[in-house]
Amino acid sequence: MQVNSVLQELCMAAGVGGMTDAAACAADLLRPYCDNVECDALGNVVAWRKGKRDGLPTVMLEAHIDEIGFVVTGVDDRGFVKVANCGGVDNRVLTASEVTVYGDRPYAGLFCSVPPHLGGGDLPAVTDRGIDVGMTAEQVREHIPVGSPVSFRKVYKPLLATRVCAASLDDRAGVAAVLYCLSLLENEQLPVNVAVLFSVQEELGMRGAGAATFAIDPQVSVSVDVSFAASPLENGTITTKLSKGPMVGMSPSLNVDISRKMAELAKTHDIPFQYEGMGGSTGTNADRIGVTRGGVKTALLSVPLRYMHTPVEVADLTDIENTARLMAVFVKEGSVEVC
């Protein structure tokens, strides 16, 4: 499996809340590695890889397939499309950002720039902005119904060396890591059952992961998301970096034994990694998964990411590959059984 090509395929599929293109893409990519692949009522993608015998514990590998975006709330009399957030979009980057509006077909559009005489103050709220799709108000009302999803324009750009730029690396990088992990385990007789969850609606309050985890009922879960990597204008409080390996989450809301086991395995197998210390919650699906049913022993691995929740997120392919390697070692060695 080539991580770059798989990641590009995932990033080019739209997955704003309520859309199914990205989930369908991920399901197709899963089928060569799993015994069965299904979508539940919410749109979560769930798959299974059975272990070498009956009665084995289940470890769930989870990443969310949805992305941030917008939803159409109306149109003003001048033809500008009005929207609300669908997830935590970074408002600072919206001016002149290119988007795709999914009405009766996809329409190209862009967020209107702020007139110069209004500059210098606070940024307008998302709900006060408009998207220009080049239509009259009558045309917009005919072709773009209220409730239509809007995504940032889909672009996947290789940068120098092994780094890439795209709008939905949060969390297609995590999905790609899980897929690459499965490819590494393809010919292995596994000491655990593996459930795969590509969850929806994480950006809308971690809704999909809770419902799917309840149905899967795993003993252990490893969530793969992205987290902040240092950037040139960052003030020094973020110490994790691109190209230095996955971030092993350390938080009171995570299982301390599994988190420590991840770090131990990384050291033993010469997999570069970084620690990520967090307070009472991680802000990821791991928080919801850990308190499902009677509780699930949960770990979190994060792919370092620059410029999160913007159209120009940046990640390093080697970090995705090393995240997958660490998960594969964890599963192959049956580490779940000692945690």
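Because the structure is predicted, anything quoted here is derived from the model rather than measured.

**Observations concerning the side chain of glutamine 201**
(1) Moving on: Structurally, glutamine 201 is set in the loop between β12 (193-199) and α5 (207-216).
(2) Moving on: For glutamine 201, a relative accessible area of 14% gives the class buried.
(3) Moving on: Setting aside residues up to four positions removed in sequence, glutamine 201 forms contacts with Leu42, Asp66, Met206, Arg207 and Gly208.

**Points about the sheet that holds strand β10 (residues 156-158)**
(1) Moving on: The 3 strands lie next to each other as β10-β11-β17, forming an open sheet whose pairing is antiparallel. A strand with exactly one partner marks an edge of an open sheet, and here the two such strands are β10 and β17 (313-316). For this sheet the average axis-to-axis angle between neighbouring strands, irrespective of direction, equals 25°.
(2) Moving on: Here strand β11 (residues 163-166) pairs with β17 via 4 bridges, running antiparallel. Across the sheet, residue alanine 166 finds its bridge partner in β17, namely glutamate 313.
(3) Moving on: With respect to the sheet, helix α1 (residues 3-11) is in contact with β10 and β11, its orientation differing from that of β10 by roughly 150°.

Rules and cut-offs
- Residues numbered from 1 in each chain as written.
- Predicted model: local features only at pLDDT ≥ 70, side-chain atom pairs only at ≥ 80, totals over all residues.
- Heavy atoms only, no water.
- Helix = DSSP H or I, 4+ residues; strand = E, 2+ residues; numbered from the N terminus.
- Buried < 20%, exposed > 50% of the residue type's maximum accessible area, 1.4 Å probe, protein only.
- Contact = heavy atoms within 4.5 Å.
- Pairing = 2+ DSSP bridges.
- Axes fitted to C-alpha atoms, helices over the stretch in contact; angles between N-to-C directions.

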